Amino acid sequence: MRFFQPRWLVAGPFARLRHSLRAQLFAWVTVTLVCVLCLNLYVSQRRAVFTANIVTDNMLLGSARMIAEAVRVDPGGTITVDIPPAALEIFGTGYGDRVYYRVTTPWGNLVAGDPALVQPEKLATGQDMRFRDMDIRAMAINHPVVGLGNDGVATVTVAVTLNSEAALRRSLWMSDLTNQVVLVVAAGLVTVLGLRRLLGPVLRLRDAVLASRRERLEPFDPASVQTELQPLVHALNDYMGRVQKQMGAQRRFVANAAHQLRTPLTLLATQAGVAAREMNATRRHEALQALTHSTRQVSRLAEQLLTLTRAEPGSRAPRAERIDMAEVARKVLEAHAEEALRRGIDIGLEADGQSPVVGDGTMLREMVVNLVDNALRYTPAPGEITVSVARDKTHVVLTVDDSGPGIPENERNQVFERFYRIIGTRAEGSGLGLAIVHEVVDGAGGSIDLGTSPSGGLAVTVRLPLAS
């Protein structure tokens, strides 16, 4: 019959172990200590066996020598032996061991003892054996017999049961076991207390992060934690610095957007009021045309704000579409052809075949739209705008040249900021076009450069990775 445990009994501890640093550290230390304990107990058991064998062998050797020294040759030439009581009493340790012995002449004749006792394979070396269904340890020695020649030696074999040896093994092993368990328990307690103490700075760091006054995102002191945790504090401070910058940029963005929307909305309300009160049909038509123009400006500003939000990292799921930038540029120029003709500006496209890139098609089109729209706004009539799309071994290069006033070199880095407009410009705009282009290019992994066109205007060059 199989026994099934509830899933929460099995998954609970493992889930806690997986999510708790303290539990993981304690588990690692505990597993290590248990492995070391098992290894030490194994070594202790082997050492206890070795020690017990040495003690037993010394007792066997002493007993065999006492018996051998008692072997004599009587006047009739017969080898005899009187077994000393001490030779047998040496094994009287209180564990009921039985002692067996055998004494033989140099010719193999039995002098005394048990004839069934087998001599060990090596002399003066203890050997575990079986005798009469009992486990014994035996030792044999050769000893000269007084009264015989140079080759006159008697062989004495002594064996004893293993009750005393087994007790000595258990005693030695249990002593080591007790010491090892005490050490493991002590190490476990020290580990628990140490983990609680060592994790104190981490918990204080957590409390500092969760403190009610942390909305200011002040940096933490790396010296408040251990050296190993200081990189974490530095990373946390760096992250909070980036969050502060992003929050500051968002606040400036909201403030600038509100400011940019306030003026056209106020103008819309004024123009709507003028149109509603105007009784003259001609002036009412002019007011309605101005109202329509202002409405388009507000709509364009709102569209740019939405595009800029979508272009920011993390605002939408990234897309990996294969886009032909030459085809995108052609469609954008076709959509702006009527406006260019109305403004008296000549626009053209120079493209050599397909120029594929991988990215978000919608955002890449918005990038080209903002570049062309920016050129149209700042290029006076009569003027010209040229969009060229080329490719090299690794990149697609999109260039928009115009014959406008250009951008001074000392302001070329600032024009990518949101709502930034060059002082003295009269063209209508929100200052978001190049900011949108910059965000889209960054998201596509490309680069953007501002320069001077052959006609003296602005030249915007965008490099995007070529699709493989």
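Residues take numbers from 1 onward in each chain, read along the sequence in its written order. Owing to the predicted nature of the model, reporting of local features is limited to residues with pLDDT of at least 70; listing and counting of side-chain atom pairs is limited to 80 or more, with chain, interface and lining totals taken over all residues. Hydrogens and water molecules were not included; the side-chain quantities draw on all heavy atoms of the structure.

1. As for the overall build of the chain
For clarity, the cut-off: Labels follow the DSSP assignment, with helices taken as runs of H or I lasting at least four residues and strands as runs of E lasting at least two, numbered in each case from the N terminus. Think of it in three bands: residues with accessible area under 20% of the maximum for their type are buried, residues over 50% are exposed, and the middle band is partly exposed, with areas taken using a 1.4 Å probe on protein chains only. Should any heavy atoms of two residues lie within 4.5 Å, those residues are considered in contact.
For the chain, the count of helices and strands is 10 helices and 14 strands. A buried classification covers 36% of the 468 residues belonging to the chain. Put simply, of all contacts in the chain between residues at least 6 apart along the chain, 62% involve residues at least 24 apart.

2. Regarding the nonpolar core
The condition that has to hold: In plain words, nonpolar cores are sets of buried Ala, Val, Leu, Ile, Met, Phe, Trp, Tyr and Cys residues tied together by side-chain atoms within 4.5 Å.
Counting residues in hydrophobic clusters, the biggest one holds 41 residues, and the most contacted among them are M325, L364, M367, V368, L371, L398 and V462. Of all hydrophobic cores here, the second largest spans 20 residues; its members include M59, F91, V156 and V160.

3. Quick word on the sheet that holds strand β14 (residues 458-465)
Picture the strands of a sheet paired through backbone hydrogen bonds; they go either parallel or antiparallel. Our working definition: One requirement defines pairing of two strands: DSSP has to find at least two bridges between them. Inter-axis angles, ranging from 0 to 180 degrees, are taken between N-to-C directions of lines fitted to C-alpha atoms, where helices are fitted over the stretch in contact.
On the basis of which strands lie adjacent, the open sheet formed by five strands has the order β9-β11-β12-β14-β13 and mixed pairing. Edge positions in the sheet fall to β9 (345-351) and β13 (447-452), since each has one partner strand and no second. The sheet shows a mean angle of 15 degrees between the axes of neighbouring strands, direction not considered. Two strands pair when backbone bridges link them, and β9 and strand β11 (residues 383-391) are joined in this way by seven bridges, in the parallel orientation. Bridge pairing links D346 to E384 in β11. Running over the sheet, helix α8 (residues 325-343) touches β9, β11, β12 (395-402) and β14 and is turned about 170 degrees from β9.

4. As for the UniProt feature "transmembrane region" (unreviewed entry) in the chain
Cut-off, in case you're wondering: UniProt positions are given in the numbering used here, feature names are shortened, and annotations may be inferred rather than shown by experiment.
UniProt's entry tags residues 25-43 and 177-195 with the feature "transmembrane region" (unreviewed entry), counted in the numbering of this structure. Helix makes up 100% of residues 25-43 and strand 0%, whereas the separation of the span's terminal C-alpha atoms amounts to 27 Å. A distance of 26 Å separates the end C-alpha atoms of residues 177-195, which is 100% helix and 0% strand.

5. Focus: the confidence of the model for the chain
Caution applies to low-pLDDT regions: their predicted coordinates should not be interpreted in detail. Note the following rule: Summary of the metric used: pLDDT quantifies the predictor's per-residue confidence within the range 0 to 100.
With 80% of its residues at a pLDDT of at least 70, the chain reaches an overall mean of 79. Note that pLDDT drops below 50 for residues 1-11; the model gives that stretch three contacts with residues more than four away or on any other chain.

6. Quick look at the environment of V43
Within the secondary structure layout, V43 lies in helix α2 (residues 21-69). Taking the C-alpha atoms as reference points, V43 and D176, 133 residues apart in sequence, are found 9.8 Å from one another.

7. Let's talk about the packing of aromatic side chains
The condition that has to hold: For Phe, Tyr and Trp, where Trp contributes only its six-membered ring, two rings pair if their centres lie within 6.5 Å, and the inter-plane angle classes them as stacked under 30 degrees, edge-to-face over 60, or tilted in between.
Scanning all chains against the criterion turns up one aromatic pair. Both rings, one in Y100 and one in F131, keep their centres 4.9 Å apart while their planes meet at 70 degrees; by these two values the pair is edge-to-face. Note that Y100 is positioned in strand β3 (residues 99-104) and F131 in strand β5 (residues 127-131), a separation of 31 residues in sequence. For the pair formed by Y100 and F131, the shared burial category is buried.

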